[in-house]
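# Reading the structure
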Amino acid sequence: MKKINVVAAIIQCGEEILCVRRGPSKFNYISERYEFPGGKIEVDETKDNAIIREIKEELHLDIHGPTYFNTVDHQYPDFQITMHSFICLIDHKNITLTEHIDQQWLKIDELNNLDWAAADIPIVQKLQAEYIKG
Ligand SMILES: Nc1nc2c([nH]c(=O)n2[C@H]2C[C@H](O)[C@@H](COP(=O)(O)OP(=O)(O)OP(=O)(O)O)O2)c(=O)[nH]1
């Protein structure tokens, strides 16, 4: 089974978090689902550099000092994913979608309203658990 290593950015502006929607995919279980922007880690690349590169490519946004949040291992029908997420704070919402088909800026307690890729659900749950704890 193919294994992929992915980084994903939880981009936070004030109280809101950026959620982006993938376009159509040959895999129906990720097609048009919401996710956190990011992508595959390249050979010999650090996770930090991968997230900075992916966010620049996908959103034309520069992020500084991503902070590690969690790692999710998830088995999809056709591949296994290990996804490392990072919190990235920004002070404006000026982004350009180059690959995704929608963006939504939601408060943590609104994140459930979206149809997430399954691998993202543990990230959403951890964000909500920590938010409730304060
Ligand atoms: N970026 C990202 N990918 C996710 C998330 N959740 C999730 O299941 N995935 C899956 C979807 C894809 O199969 C894979 C990441 O692929 P990608 O297409 O975003 O990565 P990439 O830009 O480096 O890939 P490529 O098009 O260059 O091949 O991980 C998520 O929150 N963010």
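Attention in this report is confined to the structure presented alongside it. (Residues numbered from 1 in each chain as written. Predicted model: local features only at pLDDT ≥ 70, side-chain atom pairs only at ≥ 80, totals over all residues.)

The next subject is the overall build of the protein. A tally of regular secondary structure across the protein gives 2 helices and 7 strands. When the helices and strands of the protein are placed in sequence order, the string is β-β-β-β-α-β-β-β-α. Expected size for 134 residues packed as a compact globule is a radius of gyration near 14 Å; at 14 Å, the protein falls within 12% of this value. Projected onto the principal axes, the alpha-carbon positions of the protein cover approximately 40 × 30 × 25 Å. Counting only residues that meet the buried cut, the protein has 27% of its 134 residues in that class. The contacts of the protein with a sequence gap of at least 6 include a subset with a gap of at least 24, amounting to 67%. (Helix = DSSP H or I, 4+ residues; strand = E, 2+ residues; numbered from the N terminus. Rg over C-alpha atoms; globule rule 2.2 N^0.38 Å. Buried ≥ 20, exposed ≤ 12 C-beta atoms within 10 Å, placed from the backbone. Contact = placed C-beta atoms within 7 Å.)

Our next topic: the pairing of strand 5 (residues 67-75). Judged from the 8 bridges that link them, strand 5 and strand 6 (residues 79-89) form a sheet pairing that is antiparallel. Within strand 6, the position partnered with Thr 71 by the bridge is His 84. Counted along the chain from strand 5 to the antiparallel partner strand 6, the turn is 3 residues long. (Pairing = 2+ DSSP bridges.)

Moving on: the environment of Asp 62. Structurally, the position occupied by Asp 62 is in the loop between helix 1 (47-59) and strand 5. Here the alpha-carbon distance between Asp 62 and Phe 27, two residues 35 residues apart in the chain, equals 30 Å.

Most of the time, phi is negative for any residue but glycine, and the peptide bond is trans. If you check the backbone angles, Glu 32 has positive phi at about 60° while not being a glycine. Mapped onto the elements of the fold, Glu 32 is located in the loop between strand 2 (16-21) and strand 3 (34-35). In this structure Glu 32 comes out as partly exposed when scored by C-beta crowding, with 14 C-beta atoms within 10 Å.

We now examine the nonpolar core. Ranked by size, the top nonpolar core spans 28 residues in total, and within it Val 7, Ala 9, Ile 10 and Ile 51 carry the most contacts. Elements with a contribution of two residues or more to this core: strand 1 (2-13), strand 2, helix 1, strand 6 and helix 2 (121-133). Here this core gets 6 residues from one element, more than from any other, and that element is strand 1. (Core = buried A, V, L, I, M, F, W, Y, C linked by C-beta atoms within 7 Å.)

With that settled, the discussion passes to the environment of Thr 96. Mapped onto the elements of the fold, Thr 96 is located in the loop between strand 6 and strand 7 (102-107). Taking the C-alpha atoms as reference points, Thr 96 and Phe 69, 27 residues apart in sequence, are found 24 Å from one another. Discounting chain neighbours no more than four positions away, the residues touching Thr 96 are Leu 59 and His 60.

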